[in-house]
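The residues making up each chain are set out below.
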Amino acid sequence: MKKIDDAVLSSMHDTQVAELIHAEEQRQRTGLELIPSENYVSREVLTAMGSVFTNKYSEGYVKKRYYGGQENTDKLEQLAIDRVKALFDADHANVQPLSGAQANEAAEHAWMEPGDTILGMDLSHGGHLTHGRPGTVLAKIFNFVRYGMKDVETGEIDYDQLRALAKEHKPKIILAGYSSYPRELDYDKFAAIAEEVGAVAWADIAHIAGLVAAKKLENPFHHGFHMVTSTTHKTLRGPRGGIILTKGVAGNPLRKPEKTIENLPTLVDRAVFPGIQGGPHMHVIAAKAVAFYEAARPEFAGYAQQVLDNAQALATALMKRGFKLITNGTDNHLVLVDVMTSFGIHGGEAEAVLDRIGLTLNKNVIPDDPLPPFQPSGIRLGTPAITTRGLKDEHMEQIAAWMLKGITARQDEKELIRLQKEIADFAEQFPLPSDS
Ligand code: DSN
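Residues numbered from 1 in each chain as written. Predicted model: local features only at pLDDT ≥ 70, side-chain atom pairs only at ≥ 80, totals over all residues. Heavy atoms only, no water.

Counted by the stated rule, this structure contains 23 salt bridges. D425 is paired through a salt bridge with K421; the nearest N and O atoms lie 2.9 Å apart. Of this pair, D425 and K421 both sit in helix α17 (residues 413-427), 4 residues apart, which is roughly one turn of that helix. Owing to a relative accessible area of 41%, D425 belongs among the partly exposed residues under this scheme. (Salt bridge = Lys/Arg side-chain N within 4 Å of Asp/Glu carboxyl O. Helix = DSSP H or I, 4+ residues; strand = E, 2+ residues; numbered from the N terminus. Buried < 20%, exposed > 50% of the residue type's maximum accessible area, 1.4 Å probe, protein only.)

Next up, the structure:
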C-alpha cells in the first residue's frame, strides 16, 4: 500500500522529523480513529496546506491589507468566503480564525463587553471549554451562566430552565452548541428565547458542521440564529481551523461601527483582526477552500449520511453489549459512554486499554460527573474518521465487540497483543484518503 509522502519524506535532511511523520502515518493506518472530533483529510487538502501560501503575510481583509503582494491571497480568501457562505446559507463569513477556540473567543468579544453575561451549556452536559470553563481567560472576562439537560436519560434540554435563566440574567448572547452532547438541539426554542430577552442567538456547530453542510442536521440559520461558529477539521473534513458566519452584510472593517445587530458582521471581522489575531494562515485558508469545495460535492452528502448510520449502528451494538450510553443513544455522530457504571473503570483506564489495541477514543466527563476530568466516568467516541476510511454499518458490531473484549481483557497482556494485531490487520484493509 502506498505510504503518505514516501518520496518527500525519504528526501528530508531532518530525519528525526521525517521518522516521526512516518510513525504517525503508520499509527493512523493501523488503528481505528474513534475520537469524534478527528477526521482524515483528502490529498488535495493536504497539498493546499503544504503550499507556498504559508510564506505570505496578509494582515487585514480582502482588498484591505497591510502588506503588498496580495493578488493571489485576495482571490483565495474571497473564494473560501464565497464557498463557505453557500455551504451554510450565510450572508457573511470570516475564514481567518486559527481554530475553533479563536472563532469562539472572537464571537464573544464581537458582541460583549467585559462583565457581560452569556448563557451557555453546562460543561459536564456537553458544553465546550470556550463556553466558560473556570480558569480560562474568557471566564475571567465574561459572566457565564449555564443551562443543562432536563433528563439525562433522553438528553432533552431543560428549555424552561433556559428561559427562566434568560429572563433572570438578561444575557447578551444565548449559545447553543456542544462538544460532547449526542442529541439534536431545538434551535427554534433557543432563537425564540433569545428574541424574548433581546440576546444574540449563536450556535457553535464545531462538531456537526459537516452534517449541517450536507443538510443531514438542522442549520441554525434556518431557525432564526444570528451567528454560527465552527471548526473546519471535524466532520467538515478540512484543515485545523475555524470560521465565523453571520447573517447581514459587513461594512468597512477598518472603521469601528456601533454595536447594533446590523453591524454584527463588521464587529466579528474587527474582533478577529485586529481584535485577537494577527496575520491569517493563508495556506490553511487555501485548504479550507478545498474542503468547502469537497463538502459541496454530492458524494459528501453520502459520507455524512453514512456517519449518522454508523453512529446509530455503533450505539446499538454497544448497548447490546452492556455499555451504558448517556441519553441512551445518539442523533448525531458521537456517543458518550458511562464506563464507570458499565464496567467499574474510569474513562482514563478505558481510553488507555483501548488505545493499546488500536482503538483511539477519549476519556470524557459525563453529566454532573462525580469524578474529576482527568479520571472521569466516561469515554467519548464517534464515527466521522472511520466513515472516511470506508467502514459501514456492518463493521460497527465488530468495533463494539473489540471494545468489550479489550476492556474485559485489560489485565491480560497476551490477549491485548492478539487484539491489537487483529485490529491492525482489519484497519489496513481501509486506505487513508490521502493515499489516492
Ligand atoms: N477538542 C475538541 C473536541 O475534541 O471536541 C473541541 O475543541
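Additional details are given in the paragraphs that follow.
S37, H128, S179, H207, K234 and R380 make up every residue found near the ligand. Considering only residue class, the shell around the ligand consists of no nonpolar, 4 polar and 2 charged. (Near = heavy atom within 4 Å. Nonpolar A, V, L, I, M, F, W, Y, C, P; charged D, E, K, R; others polar.)

Regular strands show a simple pattern: their side chains alternate between the two faces of the sheet. In terms of burial, strand β11 (residues 227-231) is largely enclosed, as 5 of its 5 residues are buried. By the alternation rule, side chains of β11 split into M227, T229 and T231 and V228 and S230, which are all buried. Pairing analysis gives 3 bridges linking strand β10 (residues 200-204) to β11, with the strands arranged parallel. Bridging across to β11, A203 finds its partner in V228. As paired strands, β11 and strand β12 (residues 242-246) are joined by 5 bridges and run antiparallel to one another. (Pairing = 2+ DSSP bridges.)

Structurally, H131 is set in the loop between β5 (117-121) and α6 (137-141). Setting aside residues up to four positions removed in sequence, H131 forms contacts with N104, L123, F144, R146, L175, G177, Y178 and D204. (Contact = heavy atoms within 4.5 Å.)

Judged by nonpolar contacts, the single largest core of 64 residues is most densely connected at F88, I174, L185, F190, I205 and L245. Membership of the second largest hydrophobic core comes to 36 residues, among which are I345, M396, I407 and A427. (Core = buried A, V, L, I, M, F, W, Y, C linked by side-chain atoms within 4.5 Å.)

The 4 strands lie next to each other as β13-β14-β17-β16, forming an open sheet whose pairing is antiparallel. The sheet terminates laterally at β13 (324-325) and β16 (362-364), the two strands that pair on one side only. Here 5 bridges tie strand β14 (residues 334-338) to strand β17 (residues 378-382), and the two strands are oriented antiparallel to one another. Paired with L336 across the bridge in β17 is R380. Of the strands in this sheet, β16 and β17 are in contact with helix α14 (residues 347-356), which crosses β17 at around 45°. (Axes fitted to C-alpha atoms, helices over the stretch in contact; angles between N-to-C directions.)

Among the secondary structure elements, A191 is positioned in helix α8 (residues 187-197). Assessed through its relative accessible area of 11%, A191 is described here as buried. Once the C-alpha coordinates of A191 and F221 are considered, the two residues, 30 residues apart in sequence, prove to be 9.9 Å apart.

With that settled, the discussion passes to the sheet that holds strand β4 (residues 92-94). One open sheet holds the 7 strands; their spatial order is β4-β12-β11-β10-β9-β5-β6, and the pairing between them is mixed. Each edge of the open sheet is held by one strand with a lone partner, namely β4 and β6 (143-147). The average angle at which neighbouring strand axes cross in this sheet is 20°, direction not considered. The strands touched by helix α5 (residues 100-111) are β5, β6, β9 (173-177), β10, β11 and β12; relative to β11, the strand with the most contacts, the crossing angle is about 160°.

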